[in-house]
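Overview (structure and organization)
Single-letter residue listing:
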Amino acid sequence: MKTSLLHFSFLLCCYISMANYCVADNTSTANSFIITNANTQSIFCIDKSEEPSVMKVVSMFQDDIQDISGRVLAIKGNLPKNGNVIIAGTLGRSKLLDQVIRKYKISTDSTKGRWEAFSIQVISTKSANILVVIGSDRRGTAYGILELSRMIGVSPWTWWADVKPIKRSEISLTIPKPIYQRPSVQYRGIFLNDEDWGLKPWSSKTFDPKLGEVGPKTYAKIFELLLRLRANTIWPAMHECTTPFYFVKGNAAMADSFGIIVGTSHCEPMMRSNPREWNHDTNGAYNFFTNKDKVVDYWSERLKEVSNYENVYTVGMRGIHDGAMEGAKNVQQQVAGLTDVFAAQRQLLGQYVNKNVEKVPQIFIPYKEVLDAYNAGLKVPEDVTLLWCDDNYGYLTRLSNAEEQKRKGGSGVYYHLSYWGRPHDYLWLATTQPSFIWTEMQKAWAYGARKMWIVNVGDIKPAEYLTEFYLDMAWDINSVKRDNISQHLENWLGNTFGAEHATYMKDIMNEYYRLAFIRKPEFMGWSQTEPETKAKDTDLSPFEFGNEITTRIQQYSKIENQVETLEKNIPEHLKNAYFELIKYPVCGAADMNKKWLNSQLANTLTTYNLPESETAKEQSLLSYAKIQQMTRYYNDSLLGGKWKGMMSYEPRRLSVFNKPAFNATTGSQRLSGDSVASLQNQANSHKTIDYIRLKASEFSNNYTTSTLKWQQINGLGYSQSAMVLQPFGINPSENATDNPSLEYLFNTKADSATVFLYLLPTHALDGGNNQRIAVSIDGVMQKTFNINTIGRSNAWKENVLRNQTVLKLPYRFSAGKHSLKIYALDPDMVIDQILIDFKPGRKFYGVGE
């Protein structure tokens, strides 16, 4: 039977949704609802009084039906007496919906008066089947309609990643019980940032060359995506290369027409994008201490312009862009200045937005040096939301303590999936480990950060999956389970590429994320930025731990080969999506690693005057060329150039992206042999006798208390099974032995060793300075370590580049059986690996796990 003739009926109770839904237990089962087939055509009924944003979503759903079936769904403003009818509406606005609710006695208790809630149910009568979508407000209605699109197999990435639905002649749903959904987090959105090498050139030269800006045509597509992802907030692109959002005619109106809330980042108070908006020639210095009147007038001008739109207003002040507040010579002056800034800004908000300023949504973002001011005693108005930040590398730096959790304004999180800055950018690929995101955002939830979640997605592409993962958690915090986080990925891959490939692809992507957690592709040059250092050989050794270089090359080669082999089995209509979502990122990461590792291997082989050095050079240069070739295809050939300008393989042209250089002269050192096999033999010579390596999850005993325990987080860390102190936010005892511990039993020879403990470099989230563990050996307490770092120290830089804090404990072991115990003295500690090394002076990078 041909695909176009197949009957596709999606049983909702078995439907794999990216977010869970609620089911009412006291509602009778409804029958199957046919949207369209050869004999039946549903009518979509919508009241003409609905908001423009709802009408736009109706058109999107109509397009989705046509994309699948080839048929145009009829839209009407009145209810037919019989047949199959879809009616969607907003409570308190749609008279058509009110009529249906009264006639069929539909309960609205789960939606009425709630923020962005919706329900979906089927009412069956003798003459009609009615599919009813009820929204509590304009976005609730929009999300409800687009949930139907998800249920019939339309990906949120249908346009942005070319995930095309399967063509078929019949579209039907079976909804046994009403669905009720509403968000966990109130404001959920993305920050378009560092757009210089992707979104900006693509938008201005390819997608909207007539305007030549990131304008309403581009934003319309972005807003469609946000609604499909159940997001509601945008922080617009704001780099100097981009004309500010409010300077481009139609941008603000376009956001409002989709029901999208506009906010601004940590350095853009009062809806102002300073890099291109503040004119030093006419306004003078952007200095609140010396030029207050000009600064206040500047803010006032924007508030007059945007006050009729739905916004979240950033309060506070930093420098023109991502820098410290001008005029403040020390933290005390910064605190005093920000206190005056709050007073001036809130007076303006009361004047132009709402006289009751406490009803105006406001956020304060303690980012970088602003956190120092907050910790120094800055008082933020109680109704203002505290938007806490990560350290730009995914590790949350602060969350609300018990007292702050009582604040009326609540708190939220600003998080990074992409970043420009020190110690090194990661603007090319999106490689953050999903289980790591889950861990940090579950922390945020536990500490009460539930008002706003914003994620920096760079150019959107290629962060598609991670963006959806983050926003799915924001929509439903329980949608991803601790004991099976990768099930979300498997479901997503199954919905995108077909269930038959999902498990295999999940294993590939999990390894992709694991390898990048060990070292991101952008960090493989072992270089840094601000100030920039040149790329150099890695810290991986060809002589230790079974040859770390060759091991990592083999690991990446395996998933690269798997991706290229699987591509042949991907349906034709999904090959473009497969390239964008799977092949380019996996193969790109693989070849960046192979470029640098083969270069290092070639130089090592040259040092030992081994002939295989030429082969390693060729492999390195081949990988360099392959990255260029794949990027040219992405930009120039894929879909006839649809994404031309979106993908750069060398953002900021940092040295890590350069063509590798090789040692020109051979060395005089020699191995016991004349080939690369000798190198491997030397690496293997001590492989099994001079160290003991354990995953933290390979404990002998896990001792718990009545309030705390160590739990494994699947997919987290180098080991993909890191142990995390749970629940989050609970303080252990100051007496280490009263706390949960992990015990490891092992046998050793009599010898001196170094005990290495590898932890995730987490921060003290309560405003303190402690992230401590204590270690005992054979029942004797040895040492207490504090892994908390301050600011952008060298220790912090090294930690975030390798995603580990490395602790060292020298110890002299006697021959026989031993016990190692690890205790937590502070909340939220994460232990990943343990190494007991009997060979001094070497580094371990964990690549062999």
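Residues numbered from 1 in each chain as written. Predicted model: local features only at pLDDT ≥ 70, side-chain atom pairs only at ≥ 80, totals over all residues. Heavy atoms only, no water.

Quick look at the overall build of the protein chain now. Regarding its fold elements, the protein chain presents 20 helices and 29 strands. Here the C-alpha atoms of the protein chain give a radius of gyration of 28 Å, agreeing with the 29 Å that 2.2 N^0.38 yields for 849 residues. Structurally, the protein chain occupies a C-alpha span of about 90 × 75 × 60 Å along its principal axes. Counting all 849 residues of the protein chain, 62% fall into the buried class. Of the contacts formed within the protein chain by residues at least 6 apart in sequence, a portion of 78% connects residues at least 24 apart. Counting only carbon and sulfur atoms, one obtains 48% of the accessible surface of the protein chain, whose full area is about 31,500 Å². Each charge class in the protein chain can be summarised by its mean position, and for the 94 positive and 87 negative side chains these summaries are 4 Å apart. (Helix = DSSP H or I, 4+ residues; strand = E, 2+ residues; numbered from the N terminus. Rg over C-alpha atoms; globule rule 2.2 N^0.38 Å. Buried < 20%, exposed > 50% of the residue type's maximum accessible area, 1.4 Å probe, protein only. Contact = heavy atoms within 4.5 Å. Areas by Shrake-Rupley, 256 points an atom, 1.4 Å probe, with all protein chains shown as cover. Lys, Arg positive; Asp, Glu negative; His and termini not counted. Charge placed at Lys NZ, Arg CZ, Asp CG, Glu CD.)

With that settled, consider the packing of helix 17 (residues 575–607) against helix 18 (residues 613–637). Running from N to C, helix 17 and helix 18 cross one another at 155 degrees; their axes reach a closest spacing of 7 Å. Between helix 17 and helix 18, the crossing angle belongs to the class labelled roughly antiparallel. Helix 18 is crossed by helix 17, and the crossing has left-handed handedness. Of the residues in the contact of helix 17 with helix 18, the class split is 13 nonpolar, nine polar and six charged. (Axes fitted to C-alpha atoms, helices over the stretch in contact; angles between N-to-C directions. Parallel < 35°, antiparallel > 145°, perpendicular 65-115°, else oblique. Left-handed = near helix turned anticlockwise from the far one by under 90°. Nonpolar A, V, L, I, M, F, W, Y, C, P; charged D, E, K, R; others polar.)

Glancing now at the sheet that holds strand 28 (residues 816–824). Taken in spatial order, the five strands make up an open sheet running 20-23-28-25-26, and their pairing is antiparallel. Looking along the sheet, the strands with just one partner apiece sit at the ends: strand 20 (701–703) and strand 26 (780–786). Mean inter-strand twist for the sheet, computed between neighbouring axes without regard to direction, equals 20 degrees. Here five bridges tie strand 25 (residues 772–777) to strand 28, and the two strands are oriented antiparallel to one another. (Pairing = 2+ DSSP bridges.)

What follows deals with the packing of aromatic side chains. Under the counting rule described, the total for this entry stands at 57 aromatic pairs. The interplanar angle of 85 degrees and the centroid separation of 5.8 Å between the aromatic rings of Phe497 and Tyr578 together place this pair among those described as edge-to-face. Placement of Phe497 in helix 14 (residues 486–497) and of Tyr578 in helix 17 is noted, with a sequence separation of 81 residues between them. Among the residues examined, Phe497 registers a relative accessible area of 2% and is labelled buried. The class for Tyr578 is buried, based on a relative accessible area of 0%. Each member of the aromatic cluster is reached from another via a ring pair, and the members are Trp428, Phe579, Tyr584, Tyr633, Tyr634 and Phe657. (Phe/Tyr/Trp six-rings, centres within 6.5 Å; stacked < 30°, edge-to-face > 60°.)

This brings us to the packing of helix 4 (residues 199–207) against helix 5 (residues 216–228). Relative placement of two packed helices is described by the angle separating their axes and the distance separating the axes. The N-to-C vectors of helix 4 and helix 5 enclose an angle of 120 degrees; their axes lie 10 Å apart at closest approach. In this view, helix 4 runs oblique relative to helix 5, as classed from their interaxial angle. For the pair helix 4 and helix 5, the crossing hand works out as right-handed. Listed contacts from helix 5 to Leu199, Trp202, Ser203 and Phe207 of helix 4 are Lys217, Thr218 and Lys221. Taken together, the residues of the contact of helix 4 with helix 5 sort by class into three nonpolar, two polar and two charged.

Further remarks concern the environment of Gln334. By secondary structure assignment, the location of Gln334 is in helix 10 (residues 331–352). Assessed through its relative accessible area of 7%, Gln334 is described here as buried. Sequence separation of Gln334 and Tyr624 is 290 residues, and the distance between their C-alpha atoms is 47 Å. Filtering out sequence-adjacent residues up to four positions away, Gln334 remains in contact with Met325, Ala328, Glu369, Val370 and Ala373.

Next up on the list: helix 10. Two residues of an α-helix separated by three or four positions point the same way, owing to the 3.6 residues in each turn. Here helix 10 spans 31 Å end to end across 22 residues, near enough to the 32 Å set by a 1.5 Å rise per residue. Buried within helix 10 are the following residues: Gln334, Val335, Gly337, Leu338, Val341, Phe342, Ala344, Gln345, Arg346, Leu348, Leu349 and Gly350. In this structure, the buried residues of helix 10 make contact with helix 9 (292–306), strand 14 (313–315), strand 15 (362–364) and helix 11 (369–375). Between a side-chain oxygen at the N-terminus of helix 10 and the backbone nitrogen of Gln332 the separation is 3.2 Å; the capping residue is Asn330. (Expected span 1.5 Å × (residues − 1). Polar contact = N/O pair within 3.5 Å; in protein donor to acceptor, adjacent residues only side chain to side chain.)

Read across the open sheet, the eight strands follow the order 13-12-11-18-17-16-15-14; overall the sheet is parallel. Lying at the two open borders of the sheet, with one neighbouring strand each, are strand 13 (261–262) and strand 14. The pairing of strand 14 with strand 15 spans three bridges and is classified as parallel. The partner of Tyr313 across the bridge, within strand 15, is Gln362. Docked against the sheet, helix 12 (residues 434–446) engages strand 17 (411–416) and strand 18 (449–458), running at close to 165 degrees with respect to strand 17.

Applying the stated rule across the entire model yields 48 salt bridges. A salt bridge links Arg230 to Asp472, with the nearest nitrogen and oxygen atoms 3.0 Å apart. Of this pair, Arg230 sits in the loop between helix 5 and strand 12 (233–235) while Asp472 sits in helix 13 (residues 464–475), and the two are 242 residues apart along the sequence. Considered together, Arg230 and Asp472 belong to a single accessibility category, that of buried residues. In this structure, the salt-bridge partner of Glu440 is Lys443, at a minimum N-O distance of 2.9 Å. In this pair, Glu440 and Lys443 both sit in helix 12, three residues apart, roughly one turn of the helix. For Glu440, a relative accessible area of 1% corresponds to the buried category. A relative accessible area of 1% places Lys443 in the buried class. (Salt bridge = Lys/Arg side-chain N within 4 Å of Asp/Glu carboxyl O.)

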